[in-house]
Amino acid sequence: MVAHILVIENEERVSEAICDHLADQGYRCTSASTAEEARLVLSRFQIDLLIVGSELPEGADGIELAHEARASGLAAMMIAPSSSVAIAEEGIPVLVKPL
């Protein structure tokens with residue numbers, strides 16, 4: 001079974017680049033641009049890994065979304081414009097932009 005990865009990122013070009021790369025590596029990838037879209041995907045599909053942007057629209061907090069995922073047993077990591085101390089202190093792995 002192929003791992004299914006959900007990328008939540010408000011910059012479409014970033015999420016497309018990540019999903020294209022993951023697909024090239026043999027993974028199934030779905031993208032969402034808001035926390036609301038992500039929760040809908042999570043309710044409909046079996047997701048193996050969540051990659052979430054630190055800055056999401058509509059006041060959503062990427063760190064909070066990553067914690068929700070991890071609390072439910074889902075692996076999660078962050079995408080951030082810098083290696084943020086706040087994220088590192090949360091114990092969440094970080095991919096630093098630009099990728």
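The structure this text deals with has already been given above.
These remarks concern the structure in this document. The structure presented is a predicted model; accordingly, all values stated were derived computationally and were not measured. (Residues numbered from 1 in each chain as written. Predicted model: local features only at pLDDT ≥ 70, side-chain atom pairs only at ≥ 80, totals over all residues. Heavy atoms only, no water.)

Structural notes on the sheet that holds strand β5 (residues 94-96)
In step 1: Strand order across the open sheet formed by five strands is β2-β1-β3-β4-β5, with parallel pairing between neighbours. Two strands in the sheet have a free side with no partner beyond their single neighbour: β2 (28-32) and β5. Neighbour-to-neighbour, the strand axes of the sheet open up by a mean angle of 20°, direction not taken into account.
In step 2: Contacting β1 (4-8), β3 (49-53) and β4 (75-80), helix α3 (residues 62-71) runs over the sheet at an angle of about 170° to β3. (Pairing = 2+ DSSP bridges. Helix = DSSP H or I, 4+ residues; strand = E, 2+ residues; numbered from the N terminus. Axes fitted to C-alpha atoms, helices over the stretch in contact; angles between N-to-C directions. Contact = heavy atoms within 4.5 Å.)

Examining helix α1 (residues 12-24)
In step 1: Here α1 spans 18 Å end to end across 13 residues, near enough to the 18 Å set by a 1.5 Å rise per residue.
In step 2: For α1, the complete set of buried residues consists of Val-14, Ser-15, Ile-18, Cys-19 and Leu-22. Viewed along the axis of α1, the buried residues span an arc of 125°, placing them on a single side of the element. Facing away from the buried surface of α1 by more than 90 degrees, the exposed residues are Glu-12, Arg-13 and Asp-24.
In step 3: Where α1 is buried, its residues contact β1, β2, β3 and β4.
In step 4: Immediately downstream of α1, the backbone of Gly-26 shows phi near 100°, a positive value. (Expected span 1.5 Å × (residues − 1). Buried < 20%, exposed > 50% of the residue type's maximum accessible area, 1.4 Å probe, protein only. Arc of directions from axis to C-beta.)

By themselves, these observations are geometric and do not establish any function.
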